[in-house]
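# Overview (structure and organization)
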Amino acid sequence: MSDIISVGIIFLSALAHAFLQLGLGSLLLLYHASLNKHVSKKTKTLVSSFISGVGMIVLLGIAAACYALYSIFGDNNLPIELLAALIGIVFSVAIIMWTIYYHRGKTTELWIPKAVAKFISSRAEVTNSNTEAFSLGLLAAFAEFPLSFALILIAANSVLELNYTVRNIALVGYVFIVLLPLIITRLCIRKGKTIVDIQRWREANKTFLRIISGLLFVVLGVFLIAYRIIGVPL
Amino acid sequence: MKELDFSKENLKAEILKDAKSINLAPGFAATISDKVSDAVEQKVNKLSTITKNDLERIVTSELKKYSADLAYIYHNRDKII
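Residues numbered from 1 in each chain as written. Chains lettered and ligands numbered in written order. Predicted model: local features only at pLDDT ≥ 70, side-chain atom pairs only at ≥ 80, totals over all residues. Heavy atoms only, no water.

### Comments concerning the side chain of S67(B)
Residues and elements named next belong to chain B. When you line up the elements, S67 lands in the loop between helix 3 (52-64) and helix 4 (68-76). Owing to a relative accessible area of 9%, S67 belongs among the buried residues under this scheme. Look past the residues within four positions of S67 in its chain and what remains in contact with it is L24 and I32. (Helix = DSSP H or I, 4+ residues; strand = E, 2+ residues; numbered from the N terminus. Buried < 20%, exposed > 50% of the residue type's maximum accessible area, 1.4 Å probe, protein only. Contact = heavy atoms within 4.5 Å.)

### Examining the interface of chain B and chain A
Contact residues are listed per partner, giving 16 residues for chain B and 25 residues for chain A. Both faces considered, chain B and chain A share a buried interface measuring about 1,800 Å² in area, 61% of it formed by carbon and sulfur atoms. Of all residues in chain B, the largest losses of buried area upon contact with chain A belong to Y72(B), I80(B) and I81(B), amounting jointly to 46% of the total for that side. Counting across the chain B and chain A interface gives five residue pairs in polar contact (both at pLDDT 80 or more). (Buried area = accessible area lost by both parts, 1.4 Å probe. Polar contact = N/O pair within 3.5 Å; in protein donor to acceptor, adjacent residues only side chain to side chain.)

### Some details on unusual backbone geometry
Phi at N23(B) takes a positive value of approximately 60 degrees, unusual for a residue other than glycine. Mapped onto the elements of the fold, N23(B) is located in the loop between helix 1 (8-21) and helix 2 (26-45).

### Side note on the packing of aromatic side chains
Residues and elements named next belong to chain A. Enumeration over the complete set of coordinates arrives at three aromatic pairs over all chains. Centroid distance Y101 to Y102: 5.1 Å. Interplanar angle 85 degrees. Geometry classified as edge-to-face. Relative to Y227, the ring of F223 lies with its centre 4.8 Å away and its plane at 55 degrees, an arrangement referred to as tilted. On the criterion of helical spacing, the pair formed by F223 and Y227 is a turn pair, its members being four residues apart in helix 10 (residues 206-230). (Phe/Tyr/Trp six-rings, centres within 6.5 Å; stacked < 30°, edge-to-face > 60°.)

This is how it looks when you write it as C-alpha cells:
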C-alpha cells in the first residue's frame, strides 16, 4: 500500500512539473527561430536535442535529490518538519500559479526575471547546432528550478521509498511525464500544426492552464498531508 | 518608449523570416512583405518620430490584411515567454 502512495506522489509531482510553461515556451521560440533559417529536418534534430536537454537536467536533478536525501537520511523518510516545509512551498507555488505566474492580458509571458527571458530568447535565436539546442533545454529547465525544486525533492523522497527494482522505472516515468507536453508539441508540429496554432491554443486556454496547474500543486499538498503527515490508512 | 530609424529592407527580411516559420508559400510571403513594407513606409514617412510600439502596431495592422497568422506571429514573437 505504501508503494501505491509513493507512486501517487511521484505521479502528481511529475504532472505538476509538466504544467510549468517555460520549457514549452522556449521550445516554441526555438521552433520559430529555427524554422525561419533551417530546413525542417534540421529543426527536428534541434528540437529533439532541446527535449533531450530538458530530460537530462530533470533526470540529473531528481537523481541528485535522491542521492542527497539518501546520504543525509539513509533509508529513513524525510523528517516530518522538512516535509511540512516542502508542503508549505508547494502551496506557495500554487498561489503563485494562480496569481502572478502568467502575465495578465492576451499573452503567454511568464513571471520569470526579464533578463532570463531575454537570454533564453536570444539563445533560441542563435541556436544552430544540436549542442546549443541541448544546452538551451538544460537552461530552460534549470531556470524553472525555483518553482520545481520542491516537486523534485518530494518525488525523490518517494522514489527512495520504493523497492530497488522499481526506482529506475519511477525516475524514468517522472522524466517522461515532465517531457510529455514537449513531445506532444513536437508531434503536433510534425502533423502539420504551426507554432501559431499552438501559441493561440496556449493563449485561449491560459485560464484553464492556470487553474489546473495551481490545482495540481494543491492536490499534491493535500495528498502529502493526508498520507504522509496525518497517515490516513488506504 | 524608444525612437527608432525605420528600415524598409529590415522589415521585409523580418516578415519573410516570420512567414517561413509558419510555412507560408515563398511567393505569397514575398508579395506580402513587399506590399506591407511599402504601406508601412508610406505611413511612417508621415510621422516625425516613431517608437518601436508604433511601428509594431502599424506593421501588425497591415499584415492582418493579408495573413492573420503572420500578423499574430509578428505581434507575439517577443511575448512567448
